[in-house]
Amino acid sequence: MIQKELTELTDEELLQEAKKRKSAAIINAILIGFLIGIVFFSVMKNSLGFLTLIPLFFAYKLINNSKYNHQELENLLKERGLK
């Protein structure tokens, strides 16, 4: 299935997309907290090593991935006066 651009979506589809992204943001926050907890536990139990940096990398990727899409959606919602 080809995903439409945000500007091509109708108002109703745009609001549904905002709901999906809001729930995805909550899930991302939970995953980031879990990964940071793993790093904290690993540092307290052992020491800072290569395996400790892997969860930090995944947390960084989750944070960066969600920023850009969210800002574009918020601007489009404000432009259309939906939110």
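Residues numbered from 1 in each chain as written. Predicted model: local features only at pLDDT ≥ 70, side-chain atom pairs only at ≥ 80, totals over all residues. Heavy atoms only, no water.

**Q** Honestly, the pattern of salt bridges in this entry has me stumped. Any pointers?
**A** Should their charged atoms come close, side chains of opposite charge can pair. All chains considered together, the criterion is met by two salt bridges. Residue Arg 21 pairs with Glu 17 through a salt bridge whose shortest N-O separation is 3.0 Å. Remark: Glu 17 and Arg 21 occur in helix H1 (residues 11-45); sequence separation between them is four residues, near one turn of the helix. With relative accessibility at 22%, the residue Arg 21 sits in the partly exposed group. A relative accessible area of 14% places Glu 17 in the buried class. (Salt bridge = Lys/Arg side-chain N within 4 Å of Asp/Glu carboxyl O. Helix = DSSP H or I, 4+ residues; strand = E, 2+ residues; numbered from the N terminus. Buried < 20%, exposed > 50% of the residue type's maximum accessible area, 1.4 Å probe, protein only.)

**Q** Sorry, what's going on with the nonpolar core here?
**A** Nonpolar side chains in soluble globular proteins generally cluster together in the buried interior. Of all hydrophobic cores here, the largest spans seven residues; its members are Leu 6, Leu 9, Leu 14, Ala 18, Leu 73, Leu 76 and Leu 77. Residue assignment for this core shows that the elements contributing at least two residues are H1 and helix H2 (50-80). Ranked by the residues each element gives to this core, the list is headed by H2, at three residues. (Core = buried A, V, L, I, M, F, W, Y, C linked by side-chain atoms within 4.5 Å.)

**Q** Looking at this structure, I do not really get a nonpolar patch on the surface. What am I missing?
**A** A grouping of Ile 36, Phe 40, Val 43, Met 44, Leu 48, Leu 53 and Leu 56 is seen on the molecular surface, where their side chains present a nonpolar patch of about 680 Å² in accessible area. Among the elements that line the nonpolar patch, the one with the most residues is H1, at four residues. (Patch = residues over 30% accessible without salt bridge, like charges linked within 9 Å, V, L, I, M, F, W, Y side chains within 5 Å. Areas by Shrake-Rupley, 256 points an atom, 1.4 Å probe, with all protein chains shown as cover.)

**Q** Looking at this structure, how should I read the environment of Ser 42?
**A** Residue placement: Ser 42 occurs in helix H1. Each C-alpha atom of the pair Ser 42 and Leu 53 lies 10.0 Å from the other, and the pair is eleven residues apart in sequence. With residues near it in sequence (within four places) discarded, Ser 42 still touches Ser 47 and Thr 52. Engagement of the side chain of Ser 42 in a polar contact is seen with the side chain of Thr 52, the distance being 3.0 Å. (Contact = heavy atoms within 4.5 Å. Polar contact = N/O pair within 3.5 Å; in protein donor to acceptor, adjacent residues only side chain to side chain.)

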